[in-house]
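These are the residues of each chain, in order.
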Amino acid sequence: MKPRSCWSIMANKAERKLAQIQFDMVGASKLLQTLEASQKRLQVLYEEYRLQGIGAAPLTHGMQDVLNHRQFMSQLVTLSHRVTNDISKANLALTGLRQQLAQAEVERLKMKTLDEREVLAFEMGLRKREQRSVDEVGISQFNTIGLS
C-alpha cells in the first residue's frame, strides 16, 4: 500500500507551470532589452540626421532633398513612438508574468505541503497498524501465558 499520489502529481504540475512562466519571463526580458536597444539606435539615428540637417547650408539642398529629409525624420519619430509603445506593452507583460510567477510559486508550495502531509499521514497510519499488530501479538502471548 502506498500514499495517494494525487498531491505529488499536482505538485509536479505546479512546478512545470512555474518553469514555463520563468521561461516566458526570460523571453519577455530579452524582447524588452531588444526594444530598448532599438529605441537607443533610433534616437542616435534621429540625432545624426537632425544635426546633418542643421549643419548643411539650406541653399545647397534642393526642395526635394529637404522634403525627403523631413519625411525621413518624421518616419523616425513615428517609429520611435511605436517602439516606445511596444516597450510599455513589454513592461506590462513582464509585470503580469511576475504576478503569475508569484501565484504559481504559492500554488507549488501549497501542493508540496499537501503532498508532504499526505506522506506523513500515510506513515503515521502505517505505524499505527504496525503497533496495533504488535499489541495484538503481545496480548495474545500474554493471554496464552496467563492461561497456562
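In case you missed it, the structure is sitting above this.
Residues numbered from 1 in each chain as written. Predicted model: local features only at pLDDT ≥ 70, side-chain atom pairs only at ≥ 80, totals over all residues. Heavy atoms only, no water.

In this section: the overall build of the chain. When helices and strands are counted, the chain shows two helices and zero strands. Whereas a compact globule of 148 residues would reach a radius of gyration of roughly 15 Å, the chain reaches 35 Å, over 25% beyond that. Considered along the principal axes of its C-alpha atoms, the chain spans approximately 130 × 20 × 15 Å. The buried share among the 148 residues of the chain stands at 18%. In the chain, of all internal contacts separated by at least 6 residues, the share reaching a separation of at least 24 is 90%. Summing over all exposed atoms, the chain offers an accessible surface of approximately 11500 Å²; the carbon and sulfur share of this is 60%. Taking the average location of the 21 positive side-chain charges in the chain and that of its 16 negative ones, the two points are 3 Å from each other. (Helix = DSSP H or I, 4+ residues; strand = E, 2+ residues; numbered from the N terminus. Rg over C-alpha atoms; globule rule 2.2 N^0.38 Å. Buried < 20%, exposed > 50% of the residue type's maximum accessible area, 1.4 Å probe, protein only. Contact = heavy atoms within 4.5 Å. Areas by Shrake-Rupley, 256 points an atom, 1.4 Å probe, with all protein chains shown as cover. Lys, Arg positive; Asp, Glu negative; His and termini not counted. Charge placed at Lys NZ, Arg CZ, Asp CG, Glu CD.)

To continue, consider the nonpolar core. With 14 residues, the main nonpolar core has Ile21, Leu32, Ile87 and Leu97 as its most contacted residues. Contributing elements (two or more residues each) for this core: α1 (6-55) and α2 (63-147). The contacts of isoleucine 87, once residues within four sequence positions are left out, are Leu32, Leu35, Glu36 and Gln39. (Core = buried A, V, L, I, M, F, W, Y, C linked by side-chain atoms within 4.5 Å.)

How two aromatic rings sit relative to each other is set out by the distance from centre to centre and by the angle between their planes. Evaluation of the coordinates by the stated rule reveals one aromatic pair. The interplanar angle of 55° and the centroid separation of 4.7 Å between the aromatic rings of tyrosine 49 and phenylalanine 72 together place this pair among those described as tilted. Separated by 23 residues along the polypeptide, tyrosine 49 in helix α1 and phenylalanine 72 in helix α2 bring together distant segments of the chain. (Phe/Tyr/Trp six-rings, centres within 6.5 Å; stacked < 30°, edge-to-face > 60°.)

Glancing now at the side chain of glutamate 118. Examined against the element boundaries, glutamate 118 turns out to sit in helix α2. In this structure the side chain of glutamate 118 is engaged in a polar contact, spanning 2.8 Å, whose partner is the side chain of arginine 4. Excluding anything up to four places from it in sequence, glutamate 118 contacts Pro3, Arg4 and Trp7. (Polar contact = N/O pair within 3.5 Å; in protein donor to acceptor, adjacent residues only side chain to side chain.)

Quick look at the pattern of salt bridges now. For the coordinates displayed, the defined rule picks out five salt bridges. Here glutamate 118 makes a salt bridge to arginine 4, at a shortest N to O gap of 2.8 Å. With glutamate 118 in helix α2 and arginine 4 in the segment before α1, the pair connects residues that are 114 residues apart, well separated along the chain. Looking at arginine 4, the relative accessible area reads 53%, which means it is exposed. The closest approach of N and O atoms between glutamate 107 and lysine 110, which form a salt bridge, is 3.4 Å. Linking glutamate 107 with lysine 110, this pair stays in helix α2, spanning three residues, or about one helical turn. (Salt bridge = Lys/Arg side-chain N within 4 Å of Asp/Glu carboxyl O.)

Attention now goes to the environment of valine 119. Along the chain, valine 119 turns up in helix α2. A sequence separation of 101 residues divides valine 119 from leucine 18, and the C-alpha atoms of the two residues are 23 Å apart.

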